[in-house]
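# Working through the structure, step by step
Each chain, written out:
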Amino acid sequence: MQNKENLRKLAKDLRKNLDIRDVGEKILQVFINTNIYKNSENIGIYYPYGSEPNFEEIFLVNNKNFFLPKITANSSLTFHKYKHHDELTKNKYGILESSGEIISPTNLDLIVLPALMADRNGYRLGYGKGYYDRFFSTNIFLGTKIIFIPEKLFIEKLPYDEWDIPSDIIITEKQIYKIH
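Report on the accompanying structure. If you're wondering where the values come from, they're calculated on a predicted model, not measured in any experiment. (Residues numbered from 1 in each chain as written. Predicted model: local features only at pLDDT ≥ 70, side-chain atom pairs only at ≥ 80, totals over all residues. Heavy atoms only, no water.)

### A look at the sheet that holds strand β2 (residues 65-71)
Across the sheet, eight strands lie side by side as β6-β3-β2-β1-β7-β10-β12-β13; this open sheet has mixed pairing. Two strands close off the open sheet at either side, each with one partner strand: β6 (102-103) and β13 (176-178). Two strands pair when backbone bridges link them, and strand β3 (residues 77-82) and β6 are joined in this way by two bridges, in the antiparallel orientation. Its bridge partner being in β6, H80 is matched across the sheet by I102. Lying over the sheet, helix α4 (residues 131-138) contacts β2, β3, β7 (110-113) and β10 (144-148), oriented at roughly 155° with respect to β7. (Pairing = 2+ DSSP bridges. Helix = DSSP H or I, 4+ residues; strand = E, 2+ residues; numbered from the N terminus. Contact = heavy atoms within 4.5 Å. Axes fitted to C-alpha atoms, helices over the stretch in contact; angles between N-to-C directions.)

### Notes on the pairing of β2
Taken across its seven residues, β2 has six buried, putting it largely inside the fold. As paired strands, strand β1 (residues 42-44) and β2 are joined by three bridges and run parallel to one another. For N42, the partnering residue across the bridge sits in β2 and is N65. With six bridges joining them, β2 and β3 adopt antiparallel strand pairing. Paired with F66 across the strands is Y82, a residue of β3. What sits between the antiparallel neighbours β2 and β3 is a turn of five residues, in which S75 has the positive phi angle 65°. (Buried < 20%, exposed > 50% of the residue type's maximum accessible area, 1.4 Å probe, protein only.)

### Topic: the environment of L108
Counting through the fold element by element, L108 comes out in the loop between β6 and β7. Owing to a relative accessible area of 2%, L108 belongs among the buried residues under this scheme. Separated by 54 residues in the primary sequence, L108 and N54 place their C-alpha atoms 22 Å from one another. What L108 contacts, discounting residues up to four positions off in sequence, is N42, I43, G44, F67, F79, I103, F141 and G143.

Set out below in structure tokens:
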């Protein structure tokens, strides 16, 4: 099995050959037709960055509350309310963040996790900074953890560490994979 760094490079290379806009739109269509989405009011979701699937259209929905992650001074995550066209600022990685009202993790119904790859056990290959794993290990979150990933980046098994937190659902442009 390859190590995480080699897999990150492979995932980024594979993304270059995907029509990521089309993939993102298809993933979004699968997601908005799920009961988990329909029954959720407060959704933690990252703003698409770089070669990630783009699902910005979701922010146009008016009957949901969206909260973007924000990196704090002590390298933890908080989630802040975001409405389409709110002003966003770039963090030290160039990722857009909201400065809106903060929400307690216990009030989020679901969180969409960024990933370069994901596997059939719900593990994801992130960007290697550990923000989400620290978030879940230090906060009470009772909602559902979801990964949006292109089918070509959904693999059988990824290497993982004891601190890695698996997701509950993985959504590709082709189908939904329930993990637990």
